[in-house]
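# Observations on the three-dimensional arrangement
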Amino acid sequence: MVFSSTLPDNPFRPSIFFWGVVLLLPLSAFFSALCLAVGVYARSTKEGQYYLMPLFLVTMPLIFLTLAPGVELNHFYSMVPVTGIALLLQS
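These numbers were taken from a predicted model, which means no experiment stands behind them. (Residues numbered from 1 in each chain as written. Predicted model: local features only at pLDDT ≥ 70, side-chain atom pairs only at ≥ 80, totals over all residues. Heavy atoms only, no water.)

## Overview of the overall build of the protein
The line we're drawing: Each helix is a run of DSSP H or I of at least 4 residues and each strand a run of E of at least 2, with the numbering of both proceeding from the N terminus. Working definition: with a 1.4 Å probe on protein chains only, accessible area under 20% of the residue-type maximum means buried, over 50% means exposed, and in between means partly exposed. We call two residues in contact when some of their heavy atoms are within 4.5 Å.
From N to C terminus, the protein includes 4 helices and 0 strands. For the protein, the proportion of its 91 residues judged to be buried stands at 18%. Pairs at least 24 apart in sequence give 32% of the contacts found in the protein among residues at least 6 apart.

## Let's talk about helix 1 (residues 14-39)
In an α-helix, one turn spans 3.6 residues; hence positions three or four apart end up facing the same way. Definition in use: To estimate how far a helix should extend, the number of its residues minus one is multiplied by 1.5 Å.
In this model, helix 1 (26 residues) spans 36 Å end to end at C-alpha, consistent with the 38 Å of a helix rising 1.5 Å per residue. Listed as buried for helix 1 are Gly20, Leu27 and Phe31. Tucked inside the fold, the buried residues of helix 1 contact helix 2 (45-65) and helix 4 (81-90).

## Overview of the packing of aromatic side chains
Stated formally: Only Phe, Tyr and Trp rings are paired, with Trp represented by its six-membered ring, and only when their centres lie within 6.5 Å; those with planes under 30 degrees apart are stacked, over 60 edge-to-face, the remainder tilted.
Enumeration according to the criterion identifies 2 aromatic pairs in this entry. Ring geometry for Phe18 against Trp19: centres 5.3 Å apart, planes inclined by 70°, an arrangement best described as edge-to-face. Looking at Phe18, the relative accessible area reads 48%, which means it is partly exposed. Residue classification places Trp19 among the partly exposed positions, given a relative accessible area of 48%. An angle of 70° between the planes, with centres 5.2 Å apart, marks the rings of Phe30 and Phe31 as edge-to-face. According to the relative accessible area criterion, Phe30 is partly exposed, its value standing at 45%.

## Some remarks on the pattern of salt bridges
Operational definition: Every case where a carboxyl oxygen of Asp or Glu lies within 4 Å of a side-chain nitrogen of Lys or Arg is listed as a salt bridge.
Evaluation of the coordinates by the stated rule reveals 1 salt bridge. With a shortest N-O distance of 3.8 Å, Glu47 and Arg43 are connected by a salt bridge. On the basis of relative accessibility, which here comes to 15%, the residue Glu47 falls in the buried class. Relative accessible area serves as the criterion here: at 77%, Arg43 is assigned to the exposed category.

## A word on the confidence of the model for the protein
Rules: On a range of 0 to 100, pLDDT expresses the predictor's confidence in each residue.
On average, residues of the protein score 81 in pLDDT, and 88% of them reach the 70 mark or higher. Within the protein, helix 2 carries the highest mean pLDDT (88), whereas helix 4 carries the lowest (79).

## Thoughts on the packing of helix 1 against helix 4
What counts, and what does not: Here, axes are lines fitted to C-alpha atoms. For helices the fit covers the stretch in contact, and angles between N-to-C directions go from 0 to 180 degrees. Angles below 35 degrees are treated as roughly parallel, those above 145 as roughly antiparallel, those between 65 and 115 as roughly perpendicular, and all remaining angles as oblique. Two helices that cross are described as forming a left-handed crossing if the nearer one is turned anticlockwise from the farther one by less than a right angle, and a right-handed crossing if clockwise.
Running from amino to carboxyl end, helix 1 crosses helix 4 at an angle of 165°, the nearest separation of the two axes being 11 Å. Relative to helix 4, the element helix 1 lies roughly antiparallel. Crossing geometry of helix 1 relative to helix 4 is assigned as left-handed. Across the interface between the two elements, Trp19, Gly20, Leu23, Leu24, Leu27 and Phe31 from helix 1 touch Pro81, Val82, Ile85, Leu88 and Leu89 from helix 4.

Printed below as a string of structure tokens:
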């Protein structure tokens, strides 16, 4: 195999799964509460989608930032809610 030397010996560690759950539960609760609070004002599904689109447009670049080459976790990125957790889980 050509790529077998670059793969880690044990790619799945239980501690990574544990910390992923610990970090993503509060983040998912935060976004669920935010979506619920915004969605309360909507009178229809279509209006709710209009209200939630700015949240989506703010969140997606924060996730795409973690996919850029050379971006590593530092003090600034650790303060950004979505980016800090994604970079922490990535490392």
